[in-house]
Amino acid sequence: MTESQGNSEKMSKQKRERSLLVVSGAAALLVLAVNLGINAFNSHRKNRKNRDLQGSKVRVNLSASEILKLADRIITKSKEVHDAVASIPLDKVTYMNVISPLAELEAQQFPLVQSCVFPKMVTTSDDVHKASAEAERRIDTHLLTCSKREDVYRVVKAFAARGEWVNAEAKNYTQALMRDFERNGLNLTLTKREEMQRVRIQIDELSLQYIQNLNEDGTFLLFTETELAGLPPEFLKSLDKVTDGKFKVTLKSHHVGALLELCEVGTTRRMVAVAYGKRCGEVNLSILEDLVQLRHKFARLLGYSSYADCAVDLRMAKTPSKVFEFLEDISNSLTDSATMELSILKDLKRKEEGDHPFGIEDLLYYVKKAEAQQFNVDFGALKQYFPVNLVLSGVFKIVQDLFGLRFEEITDAEVWHSDVCVYSVFDLSSGELLGHFYLDMYIREGKYNHTCVVALQNGALSSNGSRQIPVVLMIAQLQKDVSGHPALLRFSEVVDLFHEFGHVVQHICNRASFARFSGLGFDQDFVEVPALVLENWCYESFTLKLISGFHQDITKPIKDEMCKAIKRRRCSFSALKMRQEILYCLFDQIIHSAENVDIVELFKHLHPRILLGLPMLEDVNPASRFPCSAIGHEAACYSRIWSEVFAADIFASKFHDSYLNQYVGMQFRNKVLAPGGAKEPIEVLTSFLGREPSTQAFIDSKSQYRL
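Computed from a predicted structure; not experimentally measured. (Residues numbered from 1 in each chain as written. Predicted model: local features only at pLDDT ≥ 70, side-chain atom pairs only at ≥ 80, totals over all residues. Heavy atoms only, no water.)

**Examining the nonpolar core**
For the record, the criterion: For this analysis, a nonpolar core means a set of buried residues of the types Ala, Val, Leu, Ile, Met, Phe, Trp, Tyr and Cys, connected via side-chain atoms within 4.5 Å. Exposure classes here rest on a 1.4 Å probe applied to the protein chains alone. A residue is buried below 20% of its type maximum, exposed above 50%, and partly exposed in between. Throughout, a residue-residue contact means that at least one pair of heavy atoms, one from each residue, lies within 4.5 Å.
Formed by 165 residues in total, the largest nonpolar core has its most connected members in Phe386, Phe437, Phe491 and Phe655. Not counting chain neighbours up to four residues away, the residues in contact with Phe437 comprise Phe396, Phe407, Cys421, Val422, Tyr423, Val425, Val472, Met474, Phe501 and Val504. With 27 residues, the next largest nonpolar core counts Val85, Val152, Tyr153 and Ala170 among its residues.

Dropping the structure here:
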């Protein structure tokens, strides 16, 4: 990507210094957006003084050699601390000579580790990228070695046996250390430990092979222009042509998604869906079957009856039976709505294609068709109303007003690219510095290509009572301004920004005493909840008018009709979509809960039961459709729905009628965000809601249609 230059010369000193992002009221926001936002977010600052951020140990702009030297120093220091802990006589163990040194090591070294690792996500230098990847490999290898140190485990176990806890959080931390060691088999015989290691290596190799097979699959289909009717000309231009003039369609997701959503020809959609479902044939099916059996074997070595028991045990759900109960409850509650939605889609197909049976390959196409008829609104035109600077100004305002924060831009902080902005975050009431926030918004060559939040330094309380503040990085993939015109966001990108800002606030407002429970160190079933809660603001008229403005005249926000359509579209056919997601989750949970499951027969059984009679496509390989079950989310695919349920309950019961109620926002900040992973999520939820959490708000949000 080419970099725009020269904006800093045009930016006055007065505007550059006006970095305080606290405003109130729509009029004030508009003034902010017009006078400050555009320049504040896009300026390229030269001649920086490169001021260090107060309380931050994160180092940026390290050279390749500096990264590798730092990695080696990290490893040396870590070994020293672990050796010192291991040398403590078992009858002399105390919190201060065993647990405290390990906790301090985690807190102090995490920002240094991230200083080595995060450059590969943002650098434009091949040398730095390679050094960062190598540093990560060295550090990961060392940490794996530490997690298997039997001498350290014995000392920690001796302290844990005494039960002399400093407080509840220290107890939780000690138990977490014990779990880490024992998950690596240190409470097992040497024979079993060696077997665990062999199984783990096999699992890693097969998982990577599974993904590699999908990535390297070069299958393609050939279609005439008539067979691709309905696809836009720009999409057809992007396709390769063969000698007879046919278009070459690959089975990559961006081709398949476009075909299934836009192609008017039912036979084409079906051919694409079947081919996509057959990717890698029997190869990946065999790999997934082997993976599942190896995972069960691994779990049994640890004393569990199945891999699902092992995976879910450390999560909020606790047991596979609870997961099954949860998924079935949600699925059954959505049956009526999903049935009505499917009936609408079948009627549409009957009118357009006659008596051809409705298949799973028709879902995306007819959902889009139905939405176009229902809303009679050009959602594509939405982009004109979301200039990036206006949206970001609005996000800052909402986050600050809601959670009692103040973001102050630091214009002379050292950064790795001129696009990057840095903010210090303060408590609005006390003025206390809470943390720092790097914002790397724009797409560029070599940069990590997903939108995400990366913890750079976790908050922690040291043994001397001083607090280490959190530092967080948000990476986005927005297009830069072109030819003087403001960059415009798709609505999905607006939602992504709100979601990721939820993680930023989650990180900054965490007040846990241990780095392990700080930042994003929440229970994996709960970590997405704060971000999913904040997404709700994207669908309320108040927010939409606050963050929108026609790009040629930003004083004109989107109209009320569009606001209503956006909110209605959110739950459009959502019951049917959710049942499809539940199908995948049940499949994942079942294969990891029972031995010797026939994966193909299981999918044939589940598909029509969950998807209201829709049959599975003929001869497809279900294993090709579930990469999350192969690597990354095995036995935990349910977790996203689990988080959505609690997020819906929180928003509906606490925020729905008072979007910027700072009293409620501060309760959320103090009761949900502040404890981090130091408390059980159910305890946190019950404290905030004043009752046990409920699934009803989530079910209501998905029930647009009822019989």
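There's more to say after this.
**Re the environment of Leu208**
The test is simple: Numbering of helices and strands starts at the N terminus; helices are DSSP runs of H or I of at least 4 residues and strands are runs of E of at least 2.
Structurally, the position occupied by Leu208 is in helix α10 (residues 190–216). Expressed as a C-alpha distance, the spacing of Leu208 and Ala630, which sit 422 residues apart in the sequence, is 8.7 Å.

**Let's talk about the packing of aromatic side chains**
Which entries qualify depends on this criterion: Pairs were defined over the aromatic rings of Phe, Tyr and Trp, the Trp ring being its six-membered one, requiring ring centres within 6.5 Å. Orientation was assigned from the angle between planes: stacked under 30 degrees, edge-to-face over 60, tilted for the rest. By definition, being over a ring means that NZ of Lys or CZ of Arg is both within 6 Å of the ring centre and within 35 degrees of the ring normal.
As enumerated under the stated definition, the model contains 31 aromatic pairs in all. Centre to centre, the rings of Phe396 and Tyr423 are 5.0 Å apart; their planes meet at 50 degrees, and the pair counts as tilted. With Phe396 in helix α19 (residues 388–403) and Tyr423 in strand β6 (residues 421–427), this pair connects stretches of sequence that are 27 residues apart. Across the pair, exposure class does not vary: Phe396 and Tyr423 are buried alike. For Arg279, the ring lying beneath its charged end belongs to Tyr276, and the centroid distance is 3.9 Å.

**Topic: the domain arrangement of the chain**
Heads up, the rule is: The domain boundaries here were taken from an automatic or database domain assignment. Note: buried area is the sum, over both parts, of the accessible area (probe 1.4 Å) each one loses when the two are combined. When a carboxyl oxygen of Asp or Glu lies within 4 Å of a side-chain nitrogen of Lys or Arg, that pair is called a salt bridge. Side-chain atoms alone can form a polar contact between residues adjacent in sequence; in general such a contact is a pair of N or O atoms within 3.5 Å, and within protein one must be able to donate a hydrogen while the other accepts it.
As assigned here, the chain comprises domain 1 (64–187) and domain 2 (382–556 + 639–704). Taking only C-alpha atoms, the centre of domain 1 and the centre of domain 2 are 29 Å apart. At the interface, 24 residues of domain 1 touch 26 residues of domain 2. Both sides of the domain 1 and domain 2 interface together cover about 2000 Å² of buried area, and 61% of this is carbon and sulfur. Our count for the domain 1 to domain 2 interface comes out at 2 salt bridges. In this assembly, domain 1 and domain 2 are joined by 10 residue pairs in polar contact (both at pLDDT 80 or more).

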